[in-house]
Amino acid sequence: QAGRSMRLLAVAKADGEKDDENLTLVCVLSIRDNVRKEAIEAIHQVQNAGVQVVMVTGDRKETAVAIAKEAGLLQASTDVALTSAEMAAKTDDELKAILPNLRVVSRALPTDKSRLVRVAQELNLVVGMTGDGVNDSPALKKADVGFAMGSGTEVAKEAGDITILDDNFSSIRKAILYGRTMFKSIRKFLIFQLTVNVAAVLTCFIGPLLGENVVMTVIQLLLVNLAMDTLAAIAFGSEPALEEYMRDKPIERSASIISKDMLVEIVIGALYITFICLAILFVPAIRGLFGDVDITYLKSAVFATFMMAITFNGFNARTTHLNVLSGIGRNKNFIWVMLSIFVLQFVFVTFGGNVLSVESLSPQAWLTCLVMAFLIIPIDMLRKLFMGQNR
């Protein structure tokens, strides 16, 4: 019955005085550990996310293979199931060659788990390990992420990085999902922050070269910094965990936190914000849209345009979809933060006066600033289409 992932237990009674003599078979019990339905679905989702799942068990090979097939681990003809003895007979190089196709290790010893972790890490893979016993603690400690079972020993929990309280594989899937969400939120925040930084530096550097010593004052830059750091951290730190993240492939250990797509987005966004801010001061056609006004009025328009442009760019940074409003309803904090920045910059420009070195703008000037700032969204949409980020 091992091929059906069952264990047999014979029950007999003794007819004589001794327990081991004259035994009469009463029945044979078949014991089977059913795989949880949610675990099967979780394994499927984790595999789609590019994560290789290997079952390491002390069961005999036939039982382990039957369970692995039921769980969806053994599907293709290239999938490999090894016993501990078979794995021990292979050199590290031979094991590395078959590791991408390895799905089951049966009759496993504690040393097998540690060896698998070491070999996978030598291939520059990020390794997660689950375990519940004292013998699992070395492998849990050595792995990049150790998942200890809630019902396991205290030694295992101490060695692991994360404790799965319900002993359910679906909780590991959730850990992967939330881990990816946090990583993506960090990247979104970096896109937003670096775009603002580069735009501010370029604007304040190129402005004096063109003849205007102070484009934005120190106090104005401090207000920009407030929006860039504190408020943006609140907005992007509340991004929801989207199931679509589980369809992305894992990121290599050696990969930079700033990808090529991110760098292009930062450069394009920063250059556009710099251009429109400097154009207000130095391009006659753009400057003429504000009428015959003094330089302080124009600088007030620069500050308003800069603040609105970085706010609109926040919508670009938070999603790779063409629709910048995709999933935004699940992040109420983002909506409130961006609205707050809009309101605050209006208050600053309208009532800042001599303190902020600004003048109140006319409705026409506000509309002009708004249109120029909003254009950063369609510009980034074109970038997404060109780079294939159009899902």
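Before going into details, it helps to say that this report is about the structure given with it. In every chain, residue numbers begin from 1 and rise along the written sequence. Predicted model: local features are reported for residues with pLDDT of at least 70 only, side-chain atom pairs are reported and counted for 80 or more only, and whole-chain, interface and lining totals are derived from all residues. Values reported for side chains reflect all heavy atoms of the structure, with hydrogen atoms and water molecules removed beforehand.

## Here we look at the overall build of the protein chain
Secondary structure elements follow DSSP: runs of H or I of four or more residues count as helices, runs of E of two or more count as strands, with numbering from the N terminus. From N to C terminus, the protein chain includes 16 helices and 8 strands. In terms of overall size, the protein chain is more extended than a compact globule, its C-alpha atoms giving a radius of gyration of 31 Å where 391 residues would be expected to give roughly 21 Å. Overall, the C-alpha framework of the protein chain stretches about 115 × 40 × 35 Å when taken along its three principal axes. Each residue's exposure class comes from its accessible area (1.4 Å probe, protein chains only) as a fraction of the maximum for that residue type: buried when under 20%, exposed when over 50%, partly exposed otherwise. Across the 391 residues of the protein chain, 44% fall into the buried class. Only heavy atoms enter the contact rule, under which two residues are in contact if any of them lie within 4.5 Å. The long-range fraction of contacts in the protein chain, counting pairs at least 24 apart against all pairs at least 6 apart in sequence, stands at 65%. A 1.4 Å probe and the Shrake-Rupley method give the accessible areas. Residues count as covered only by the protein chains that appear here. As displayed, the protein chain has an accessible area near 20,100 Å², and 61% of this comes from carbon and sulfur atoms. In this tally Asp and Glu are treated as negative and Lys and Arg as positive; neither His nor the chain ends contributes. To locate a charge, take NZ of a lysine, CZ of an arginine, CG of an aspartate or CD of a glutamate. With 38 positive and 39 negative side-chain charges, the protein chain shows a separation of 4 Å between the mean positions of the two kinds. Each radius of gyration reported is based on C-alpha atoms, and the globular scaling rule is 2.2 Å times the count of residues to the power 0.38.

## Focus: the pairing of strand β5 (residues 102-106)
With 5 of 5 residues buried, β5 lies mostly within the body of the structure. Both strand β3 (residues 55-56) and β5 contribute to a ladder of 2 bridges, which runs parallel. What sits directly across from V56, in β5, is V105. Strands pair, by our definition, only if DSSP identifies at least two bridges between them. Of the strand pairs in this sheet, strand β4 (residues 80-83) and β5 are connected by 4 bridges, and their pairing is parallel. The partner of A81 across the bridge, within β5, is V104.

## Notes on the pattern of salt bridges
Think of a salt bridge as a Lys or Arg side-chain nitrogen and an Asp or Glu carboxyl oxygen that are within 4 Å of each other. The tally for this structure, following the rule as stated, stands at 18 salt bridges. Residues K61 and E86 are paired through a salt bridge, measuring 3.6 Å at the closest nitrogen-oxygen approach. You can see K61 sitting in helix α2 (residues 61-71) and its partner E86 sitting in helix α3 (residues 84-88), a full 25 residues away along the chain. E86 gets classed as partly exposed once you look at its relative accessible area, which sits at 34%. When the shortest N-O distance is used, the salt bridge between E239 and K188 registers 2.9 Å. Taken together, the residues E239 in the loop between α9 (218-236) and α10 (260-282) and K188 in helix α8 (residues 169-209) connect sequence positions 51 residues apart. The same class applies to E239 and to K188, which are both buried. Among the charged side chains, a network of salt bridges with common partners joins D92, K96, R115, R118 and E122.

## Focus on the packing of helix α1 (residues 37-48) against α8
Under this scheme, a helix contributes an axis fitted over its contacting stretch, all axes are lines through C-alpha atoms, and angles between N-to-C directions fall in the 0 to 180 degree range. Running from N to C, α1 and α8 cross one another at 30°; their axes reach a closest spacing of 8 Å. Of the two possible hands of crossing, α1 and α8 adopt the one that is left-handed. Residues E38, A39, A42, I43, Q45 and V46 of α1 pack against F169, S170, R173 and I176 of α8. Throughout this entry, Asp, Glu, Lys and Arg are counted as charged residues, while Ala, Val, Leu, Ile, Met, Phe, Trp, Tyr, Cys and Pro are counted as nonpolar. The remaining residues, Gly among them, count as polar. The residue makeup of the contact of α1 with α8, split by class, is 6 nonpolar, 2 polar and 2 charged. Rotating anticlockwise by less than a right angle from the far helix to the near helix defines a left-handed crossing, while the corresponding clockwise rotation defines a right-handed one.

## Quick word on the packing of aromatic side chains
Two rings from Phe, Tyr or Trp (for Trp, the six-membered ring) form a pair when their centres sit within 6.5 Å of each other. Planes less than 30 degrees apart are called stacked, planes more than 60 degrees apart edge-to-face, and all others tilted. Going through the model one piece at a time under the given rule, you end up with 6 aromatic pairs. The interplanar angle of 70° and the centroid separation of 5.3 Å between the aromatic rings of F312 and F342 together place this pair among those described as edge-to-face. Linking F312 in helix α12 (residues 295-317) with F342 in helix α13 (residues 332-351), this pair joins segments that are 30 residues apart in sequence. On the basis of an interplanar angle of 90° and a centroid distance of 5.1 Å, the ring pair of F315 and F334 is categorised as edge-to-face. Of this pair, F315 sits in helix α12 while F334 sits in helix α13; the two residues are 19 residues apart in sequence, bridging distant segments of the chain. Here F315 and F334 have matching classes, each one buried.

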